[in-house]
Protein chains: 2
Amino acid sequence: MITVVIGFLNEIKYELGVVEKELLAAVKFPDPLMSEAATHLVSAGGKRLRPAFCLLGGKFYQFDLDKLLPLAVALELIHMATLIHDDVVDSSATRRGIPTIKARWGNRISTHLGDYMFGKSLVLISQYQNPLITAVLADTSVRMSEGEIVQIATSFNTNQTLRDYFYRINRKTALLISASCKLGAVACGAPEPIRQALHRFGHYIGMAFQITDDILDMTAKQLKLGKPIGGDLHQGIITLPAIYALHHSPARERLKQIITNRNKSDADVQEAITLIARCGGMDYAYKVAEKYIAKAKDELNDLPEVQIKKALRTMADFVGTRNF
Amino acid sequence: MITVVIGFLNEIKYELGVVEKELLAAVKFPDPLMSEAATHLVSAGGKRLRPAFCLLGGKFYQFDLDKLLPLAVALELIHMATLIHDDVVDSSATRRGIPTIKARWGNRISTHLGDYMFGKSLVLISQYQNPLITAVLADTSVRMSEGEIVQIATSFNTNQTLRDYFYRINRKTALLISASCKLGAVACGAPEPIRQALHRFGHYIGMAFQITDDILDMTAKQLKLGKPIGGDLHQGIITLPAIYALHHSPARERLKQIITNRNKSDADVQEAITLIARCGGMDYAYKVAEKYIAKAKDELNDLPEVQIKKALRTMADFVGTRNF
């Protein structure tokens with residue numbers, strides 16, 4: 001288990017350890033091939049941000065790990081299912097620095113393994129007998145799929161607006177993080193104002209998280225990110241720094257040419273990244289992320305004064321400054 | 001809409017028409033690319049057997065179309081999602097005689113469209129606020145995925161037993177049909193004995209349905225089936241007629257050789273089908289299907305005497321004799 005240990009998660013370290021065990025248990029089953037493939041992905045780790053947000057959400061009311069556990073595991077399974085299906089469609093060579101499920105086991109296993117994980121998350125959720133939890137996650141999963149399809153439909157399209165971008169990253173990332181925060185509170189029986197504040201907190205954090213993710217795709221060292229640099233540009237996914245540069249770079253015609261080229265080389269991608277950076281694309285995107293983080297912190301003010309608040313503030317700061 | 005109209009479904013013709021409209025509505029949304037792809041699959045039709053079984057299940061108690069509609073649509077969406085994901089993984093060229101979603105829109109759209117449909121089914125199901133319905137469908141979807149993976153893991157493996165085969169087709173087909181029958185009764189508030197009898201009826205019918213499907217894969221004309229003949233053998237999927245022949249054909253060594261060959265030609269497949277037919281593989285499989293149909297009819301005896309019983313008996317007979 002190479003789970004990335006992040007300092008600010010110390011507050012819920014024990015609980016995250018329990019989630020990790022349950023996660024491994026959820027993907028263990030008789031067939032050795034499937035078990036190996038699923039365990040492979042779980043063992044590769046990840047930040048477990050969704051379970052963490054779910055647990056943190058529960059801390060604002062009568063925290064009860066037993067009540068949160070199936071939900072926390074389900075949220076990570078949904079996230080992993082989308083990662084696996086992303087790997088299928090994108091033919092990515094690596095994720096988190098190790099070969100993707102697809103590269104090792106083929107498209108067929110990956111598709112069904114993603115379906116299996118999604119189904120398993122539903123089994124865990126159905127234990128709650130709480131229609132709200134089912135309804136929120138059902139709605140979230142539909143909108144996440146919509147986001148994925150819109151991303152495909154708009155790839156290589158340089159006429160995208162900021163609005164298009166925010167629509168996409170909300171569906172891609174913010175919705176599930178927002179649901180994680182809110183449902184953690186729901187599972188612990190927290191009243192409506194707490195749920196709503198956490199819902200908004202999660203939305204803003206999720207937006208900031210995806211924006212920094214999109215910046216890192218252009219700036220991080222391959223080793224740190226665990227995937228090739230400029231992957232989004234290669235796939236025609238136009239993110240915030242690129243949208244900014246397409247409007248503000250003096251070399252925007254050349255940039256447009258590179259971005260719309262479906263057979264761009266690594267050197268082309270590197271040139272595009274340089275053009276985007278030179279006109280301040282990354283700086284702009286960081287500023288937008290910081291605005292979302294400020295909004296997230298504002299939401300914390302409305303929440304009860306519990307010890308975990310400090311940890312959530314640190315988490316918010318981490319999202320703005322992380323380099324992995 | 002080229003929905004296959006089957007005589008025995010006349011009893012619920014009106015209700016199926018309403019399901020069809022709701023199904024089209026469920027896959028309509030702003031993005032034109034996605035809407036077109038989804039509508040394409042819905043419009044291509046299909047037997048709508050799962051909604052039909054769901055409606056028929058409701059006929060044994062206080063039938064209420066409004067109560068059944070979201071469930072009936074959800075069941076077909078789950079079925080369609082698995083079809084789309086099957087097309088992704090199998091790289092099938094056609095389904096139901098028209099190009100697959102994959103062939104027309106590519107792997108990426110297909111994967112997310114399947115996810116979207118599955119999510120949408122969950123949205124419909126969550127309306128019921130009935131934990132049993134969610135739990136049954138969650139469990140069913142997990143086991144269906146398990147079945148798909150086991151099918152991949154055991155492909156080209158000629159050591160499979162009858163038990164392996166029945167395990168697979170239960171997950172592939174019988175579970176969802178069984179759930180359709182049972183949940184139709186659940187949605188209408190039918191008491192436990194009715195639910196259980198319908199659950200078993202659906203199981204037996206589902207098993208028979210898949211066995212005849214597997215026979216037709218070897219015997220039907222391409223035009224009738226809407227997909228290439230011998231597709232299972234091409235993909236290394238070893239079905240009941242083949243398992244029988246691998247034990248009883250005097251030419252079983254040659255048969256084994258063809259089946260395990262991953263690059264078999266159309267002529268090889270034709271030879272295998274001839275060998276399987278010659279030793280009585282199809283006849284044996286038909287007999288097994290008939291046994292399941294007899295069991296299904298037995299279950300009907302325990303159910304209340306309602307008008308629809310006659311239609312269900314006819315449906316059972318249809319499954320045993322259908323040639324499409």
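Everything quoted here is computed from the prediction, not taken from an experiment.

Thresholds, definitions, all that
- Residues numbered from 1 in each chain as written.
- Chains lettered and ligands numbered in written order.
- Predicted model: local features only at pLDDT ≥ 70, side-chain atom pairs only at ≥ 80, totals over all residues.
- Heavy atoms only, no water.
- Helix = DSSP H or I, 4+ residues; strand = E, 2+ residues; numbered from the N terminus.
- Buried < 20%, exposed > 50% of the residue type's maximum accessible area, 1.4 Å probe, protein only.
- Contact = heavy atoms within 4.5 Å.
- Areas by Shrake-Rupley, 256 points an atom, 1.4 Å probe, with all protein chains shown as cover.
- Salt bridge = Lys/Arg side-chain N within 4 Å of Asp/Glu carboxyl O.
- Buried area = accessible area lost by both parts, 1.4 Å probe.
- Polar contact = N/O pair within 3.5 Å; in protein donor to acceptor, adjacent residues only side chain to side chain.
- Nonpolar A, V, L, I, M, F, W, Y, C, P; charged D, E, K, R; others polar.
- Arc of directions from axis to C-beta.
- Core = buried A, V, L, I, M, F, W, Y, C linked by side-chain atoms within 4.5 Å.
- Least-squares fit on C-alpha atoms with pLDDT ≥ 70 in both.
- pLDDT = per-residue confidence, 0-100.
- Phe/Tyr/Trp six-rings, centres within 6.5 Å; stacked < 30°, edge-to-face > 60°.
- Lys NZ or Arg CZ within 6 Å of the ring centre and 35° of its normal.
- Axes fitted to C-alpha atoms, helices over the stretch in contact; angles between N-to-C directions.
- Parallel < 35°, antiparallel > 145°, perpendicular 65-115°, else oblique.
- Left-handed = near helix turned anticlockwise from the far one by under 90°.
- Disulfide = S-S within 2.5 Å.

## Description of the overall build of chain A
- Within chain A, the secondary structure is distributed over 15 helices and 2 strands.
- Counting only residues that meet the buried cut, chain A has 61% of its 324 residues in that class.
- Sequence-distant contacts in chain A: of pairs separated by 6 or more residues, those separated by 24 or more amount to 74%.
- For chain A, the accessible surface area stands at approximately 12,700 Å², while carbon and sulfur atoms represent 52% of it.

## Describing the pattern of salt bridges
- Per the stated rule, a full pass over the model turns up 22 salt bridges over all chains.
- A salt bridge links Arg 48 of chain A to Glu 76 of chain A, with the nearest nitrogen and oxygen atoms 3.0 Å apart. Of this pair, Arg 48 of chain A sits in the loop between helix H2 (32-43) and helix H3 (49-58) while Glu 76 of chain A sits in helix H4 (residues 65-90), and the two are 28 residues apart along the sequence.
- Exposure remark for Arg 48 of chain A: the relative accessible area of 3% places this residue in the buried category.
- A relative accessible area of 1% places Glu 76 of chain A in the buried class.
- Close ionic contact of Arg 254 of chain B with Asp 268 of chain B constitutes a salt bridge, the shortest N to O distance being 3.9 Å. Taken together, the residues span a long stretch of sequence, with Arg 254 of chain B in helix H12 (residues 252-260) and Asp 268 of chain B in helix H13 (residues 266-278) at a distance of 14 residues.

## What about the interface of chain A and chain B?
- If you look at the interface, chain A gives 37 residues, while chain B gives 37 residues.
- When chain A packs against chain B, the two sides together hide about 3,600 Å² of surface, and 74% of this comes from carbon and sulfur.
- Among the residues chain A hides against chain B, the three largest losses belong to Arg 108, His 112 and Ile 149 of chain A. Together they make up 20% of the total.
- Applying the counting rule to chain A against chain B returns 0 salt bridges.
- Across the chain A-chain B interface, the total number found is 4 residue pairs in polar contact (both at pLDDT 80 or more).
- For the side of chain A that touches chain B, the element with the highest residue contribution is helix H5 (residues 101-126) of chain A, accounting for 14 residues.
- Of the residues in the side of chain A that touches chain B, the class split is 17 nonpolar, 11 polar and 9 charged.

## Some remarks on H12 of chain B
Residue and element names in this part refer to chain B.
- Taken as a whole, H12 has its buried residues at Leu 255, Ile 258 and Ile 259. Taken around the axis of H12, the buried residues stretch over an arc of 95 degrees, which confines them to a single face.
- Against helix H10 (231-234), helix H11 (240-248) and H13 lie the buried residues of H12.

## Side note on the nonpolar core
- Core analysis: the biggest nonpolar cluster contains 216 residues, and Leu 137 and Ile 211 of chain A together with Leu 137 and Ile 211 of chain B have the highest contact counts within it.
- If we skip the residues at most four places from it in the chain, Ile 211 of chain B touches Tyr 165, Phe 166, Ile 169, Leu 240, Ala 285, Val 288, Ala 289 and Tyr 292 of chain B.

## Observations regarding the relation of the copies chain A and chain B
- When chain A is fitted to chain B, the residual RMSD is 0.0 Å, and the transformation amounts to a turn of 180 degrees plus an axial shift of 0.0 Å. Between the two chains, the operation in question is that of a two-fold axis.

## Things to note about the confidence of the model for chain A
Residue and element names in this part refer to chain A.
- Summing up the model confidence of chain A, the mean pLDDT is 87 and the portion of residues at 70 or higher is 87%.
- Across chain A, helix H11 (residues 240-248) holds the top mean pLDDT of 98, while strand S1 (residues 94-95) sits lowest at 47.
- In this model residues 1-5 is a low-confidence stretch, pLDDT under 50, and it forms 9 contacts with partners more than four residues away in sequence or in other chains.
- Taken as a whole, residues 90-95 scores under 50 in pLDDT and shows 18 contacts with residues more than four places along the chain or in a different chain.
- This complex was scored by the predictor with a pTM of 0.89 and an ipTM of 0.88.

## Points about the packing of aromatic side chains
Residue and element names in this part refer to chain A.
- Using the criterion set out here, one finds 11 aromatic pairs over all chains in the structure.
- One aromatic cluster is present, formed by Tyr 165, Phe 166, Tyr 204 and Tyr 292 through successive ring pairs.
- Above the plane of the ring of Phe 63 lies Lys 59, whose end atom (NZ or CZ) is 4.1 Å from the centre.

## Comments concerning the packing of helix H7 (residues 162-187) of chain B against helix H8 (residues 192-219) of chain B
Residues and elements named next belong to chain B.
- Close contact between H7 and H8 brings their axes to 7 Å; oriented N to C, the two are set at 140 degrees. Relative to H8, H7 is oriented oblique. For the pair H7 and H8, the sense of crossing is right-handed.

## Observations regarding the environment of Ile 125 of chain A
All names here are of chain A.
- Within the fold, Ile 125 resides in helix H5.
- The class of Ile 125 is buried, set by a relative accessible area of 3%.
- With 55 residues separating them along the chain, Ile 125 and Pro 70 place their C-alpha atoms 6.7 Å apart.
- Ignoring any residue separated from it by four or fewer positions in sequence, one finds Ile 125 in contact with Ala 74, Ile 78, Ile 133, Thr 134 and Leu 137.

## Some words on the state of the cysteines
- For the coordinates displayed, the defined rule picks out 0 disulfides over all chains.
- With no disulfide of its own, Cys 181 of chain A lies 8.8 Å from the sulfur of Cys 54 of chain A, the closest cysteine sulfur.

## Brief notes about the side chain of Lys 309 of chain B
Residue and element names in this part refer to chain B.
- Topologically, Lys 309 is positioned in helix H15 (residues 308-321).
- According to the relative accessible area criterion, Lys 309 is buried, its value standing at 2%.
- Setting aside residues up to four positions removed in sequence, Lys 309 forms contacts with Phe 60, Leu 300, Asn 301, Leu 303 and Pro 304.

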